[in-house]
Amino acid sequence: MIVIADSSPLILLARIEQLWLLHALFSKVVVPTAVYAETVGQGELRPGAAEIASVDWISVEQVTDILAVRMLRQQIGPGESEAIVLALQVDADILLIDDAKGRRIAESYGVTAVGTIGILIEAKRFNLIPTVKPSLMAVREVGLRMDTQLYEHALRLSGEDTDR
């Protein structure tokens, strides 16, 4: 299975000390150079950078279609653009991306997009975590924008109650 990741799922999972879930679910994750630069480029200064840099199951791959990246850059950021183009380039099975606009663009190209919330739900489904609720609350605290409706929907999908 080929899994490409954008910055946000990596950073969020690293910040809540659950980056290991990606390895448990997918074994290997590939990131384009722009994503690696966004996540690790400033070393210890970035939250989650040390954790991401320290694992051997995340590899970096260069995007070859620079024109496609430039076209997407008119709509979304460099990491999202390269991640989508790399997913198309290697015919990825899954693209890990949280950015709503980036997800819509990826899906319009036929790329299966999964965000941090989807990763957490899958982790529970495979009994890697006992409940989703604490992880959802943690990613909210460290920066994932999630309205109450999405939060409650994620709890329902994971079979948990929606009491706050």
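As shown above, the structure is provided for reference.
Residues numbered from 1 in each chain as written. Predicted model: local features only at pLDDT ≥ 70, side-chain atom pairs only at ≥ 80, totals over all residues. Heavy atoms only, no water.

(A) Representation of the overall build of the chain. Scanning the chain for helices and strands turns up ten helices and five strands. At 15 Å, the chain has a C-alpha radius of gyration in line with the 15 Å of a compact globule built from 164 residues. Counting only C-alpha atoms and orienting by the principal axes, one finds that the chain spans roughly 45 × 35 × 30 Å. Residue pairs at least 24 apart in sequence account for 63% of intrachain contacts in the chain once pairs closer than 6 positions are excluded. Per element, the accessible surface of the chain, about 8400 Å² overall, is 50% carbon and sulfur. Each charge sign in the chain was given a centre, from 15 positive and 22 negative side chains, and these centres are 5 Å apart. (Helix = DSSP H or I, 4+ residues; strand = E, 2+ residues; numbered from the N terminus. Rg over C-alpha atoms; globule rule 2.2 N^0.38 Å. Contact = heavy atoms within 4.5 Å. Areas by Shrake-Rupley, 256 points an atom, 1.4 Å probe, with all protein chains shown as cover. Lys, Arg positive; Asp, Glu negative; His and termini not counted. Charge placed at Lys NZ, Arg CZ, Asp CG, Glu CD.)

(B) Expanded view of the side chain of threonine 116. Within the fold, threonine 116 resides in helix α8 (residues 116–125). Looking at threonine 116, its side chain comes within polar contact range of the side chain of aspartate 98, at 2.7 Å. Those residues in contact with threonine 116 that sit more than four places away from it in its chain are Ser8, Pro9, Leu12, Leu13, Asp98, Val139 and Leu144. (Polar contact = N/O pair within 3.5 Å; in protein donor to acceptor, adjacent residues only side chain to side chain.)

(C) Up close: the environment of leucine 128. The topology assignment puts leucine 128 in the loop between α8 and α9 (133–141). Leucine 128 sits 121 residues away from serine 7 along the chain, and the two C-alpha atoms are 22 Å apart. Once residues within four sequence positions are removed from consideration, leucine 128 is found in contact with Trp20, Leu21, Ala24, Leu25 and Ala123.

(D) Region of the structure containing unusual backbone geometry. One non-glycine residue with positive phi stands out, namely glutamate 17, at about 60°. Relative to the helices and strands, glutamate 17 resides in the loop between α1 (7–15) and α2 (20–26). A positive phi angle, near 70°, is found at serine 27, a position not held by glycine. Along the chain, the position of serine 27 falls in the loop between α2 and β2 (29–32).

(E) Seen up close, the pattern of salt bridges. The full count for this structure, using the stated rule, is two salt bridges. Linking arginine 125 and glutamate 122 is a salt bridge whose minimum nitrogen-to-oxygen distance equals 3.0 Å. One end of the pair is arginine 125 and the other is glutamate 122, both in helix α8 and three residues apart, which spans about a single turn. The exposed category is assigned to arginine 125, whose relative accessible area is 54%. Accessibility expressed as a relative area gives 29% for glutamate 122, which makes it partly exposed. (Salt bridge = Lys/Arg side-chain N within 4 Å of Asp/Glu carboxyl O. Buried < 20%, exposed > 50% of the residue type's maximum accessible area, 1.4 Å probe, protein only.)

(F) Geometry of the nonpolar core. By size, the foremost hydrophobic cluster in this structure holds 35 residues, and its most contacted members are Leu10, Leu19, Leu22, Leu96, Leu120 and Leu136. In terms of residues, this core owes the most to one element, α8, which gives five residues. Residues within four places of leucine 136 in sequence aside, it is in contact with Ile117, Leu120, Met146, Tyr151, Ala154 and Leu155. Ile84, Ile105, Ala106 and Ala113 belong to the second largest nonpolar core, which has 18 residues in total. (Core = buried A, V, L, I, M, F, W, Y, C linked by side-chain atoms within 4.5 Å.)

(G) Structural context of the packing of α1 against helix α3 (residues 33–40). Contact pair α1 / α3: the axes reach a minimum separation of 9 Å and the direction vectors enclose 30°. One finds that α1 runs roughly parallel with respect to α3. Crossing geometry of α1 relative to α3 is assigned as right-handed. Taken together, the residues of α3 that come into contact with α1 (itself represented by Ser7, Leu10 and Ile11) are Val35, Glu38 and Thr39. (Axes fitted to C-alpha atoms, helices over the stretch in contact; angles between N-to-C directions. Parallel < 35°, antiparallel > 145°, perpendicular 65-115°, else oblique. Left-handed = near helix turned anticlockwise from the far one by under 90°.)

(H) Representation of helix α7 (residues 100–108). Listed in full, the buried residues belonging to α7 are Gly102, Ile105 and Ala106. Take α7 and look down its axis: the buried residues cluster within an arc of 100°, on one side only. With respect to the buried face of α7, the exposed residues turned more than 90 degrees away are Arg104 and Ser108. Where the residues of α7 are buried, they touch α5 (66–73), α6 (78–89) and β4 (94–96). Just beyond α7, the residue with positive phi is glycine 110, at close to 85°. (Arc of directions from axis to C-beta.)

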